[in-house]
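These are the residues of each chain, in order.
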Amino acid sequence: MCRPTHYTIAYEINPWMSRRRQVAPRRAMAQWQALHGLLTERLKVAVALLPPVNGLPDLPFTANAGLVAGRTFIRSNFRHPERQGEEPVTERYFKRLGLRVVTLPRSFNFEGEGDALWCGENLFLGFRFRSDATTHEHLARILHCRALPLELIDKRFYHLDTCFCPLNAETALWFPHAFDRYGRRVIERYVREPIAVSEADALKFCCNVIVASRSIVLHRGISTRLTKTLAKRGFDVHELDLSEFLKAGGSAKCLALRLT
Ligand code: ARG
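Residues numbered from 1 in each chain as written. Predicted model: local features only at pLDDT ≥ 70, side-chain atom pairs only at ≥ 80, totals over all residues. Heavy atoms only, no water.

**Overview of the packing of aromatic side chains**
Inference 1: Under the counting rule described, the total for this entry stands at 9 aromatic pairs.
Inference 2: When the centroid spacing of 5.2 Å and the interplanar angle of 85° are considered together, the rings of tyrosine 93 and phenylalanine 94 count as edge-to-face. Just as tyrosine 93 is buried, phenylalanine 94 falls in that class too.
Inference 3: Taken together through their ring pairs, the aromatic side chains of Tyr7, Phe61 and Phe245 make up a single cluster.
Inference 4: Note that arginine 189 overlies the ring of tyrosine 190, its terminal NZ or CZ placed 4.5 Å from the centroid.
Inference 5: Just above the ring of phenylalanine 235 sits the side chain of arginine 214; from NZ or CZ to the centre is 4.5 Å. (Phe/Tyr/Trp six-rings, centres within 6.5 Å; stacked < 30°, edge-to-face > 60°. Buried < 20%, exposed > 50% of the residue type's maximum accessible area, 1.4 Å probe, protein only. Lys NZ or Arg CZ within 6 Å of the ring centre and 35° of its normal.)

What follows is the structure, encoded as structure tokens:
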């Protein structure tokens, strides 16, 4: 994770961001602190911190830094120049941790765990708004896995982690309308128990969840129907106010990158 010390809405690169709807810095810091506290103190998750950098306002969305697989870090190639300054920062960080850093050719855009999520053995890859469809071939080769590209069709759900969230090897939350017909069929074919969510829940970023074994951490305000569905499947739901981060088009999951 990365503390939102320099977090602001400095540019507009997705439909959620508006420079006229600014972040309240103290509230953002308190919300982030609550998330960090819940993970480390209550859920006993080990969290490493990437130092914040002035001039990189979206750096707290560490899910986009890249994808960690074992001791390999596949670094992102951001689509928008506004975020490309994050690339050398995270690259240096992971090199220092001793990971093998892999970069893709510059012409391939890839935004890390924002668009690449494991469900069991399969790597699901969102493409169109940020990552390119063709990265799936590179990733499948580097990671020796099946990579399933899914086209995103609704710009409000511009990263895969805004509309698809594996909860374990068999179960995933998803918002079907964010995908085309082919993508919907892929998810139905390769995820044993897909849980479709409503548009109202999806717009609250209910698919942008941090999963820590049976615990689920997300932005507050999801429907009781969804809370009940999750409880019935044995998940503990922890809701937090992350409204300051929704202003940039992100929520719980975007604020953390999985390291193991
Ligand atoms: N403002 C950031 C962007 O548009 C938000 C990133 C959210 N991260 C995510 N994993 N969905 O790039």
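**Considering the nonpolar core**
Inference 1: One finds Phe124, Phe164, Leu167, Leu173 and Phe179 to be the most contacted residues of the largest nonpolar core, which totals 39 residues.
Inference 2: For this core, the secondary structure elements donating two or more residues are strand S4 (116–119), strand S6 (146–151), strand S7 (164–166), strand S8 (171–174), helix H5 (181–190), strand S11 (215–219) and helix H7 (224–232).
Inference 3: With 3 residues, S8 is the largest single contributor of residues to this core.
Inference 4: Ignoring any residue separated from it by four or fewer positions in sequence, one finds phenylalanine 164 in contact with Leu117, Phe124, Ala172, Leu173, Trp174, Phe179, Ile187, Val191 and Cys207.
Inference 5: Listed in part, the 24 residues of the second largest apolar core include Tyr7, Leu39, Cys254 and Ala256. (Core = buried A, V, L, I, M, F, W, Y, C linked by side-chain atoms within 4.5 Å. Helix = DSSP H or I, 4+ residues; strand = E, 2+ residues; numbered from the N terminus. Contact = heavy atoms within 4.5 Å.)

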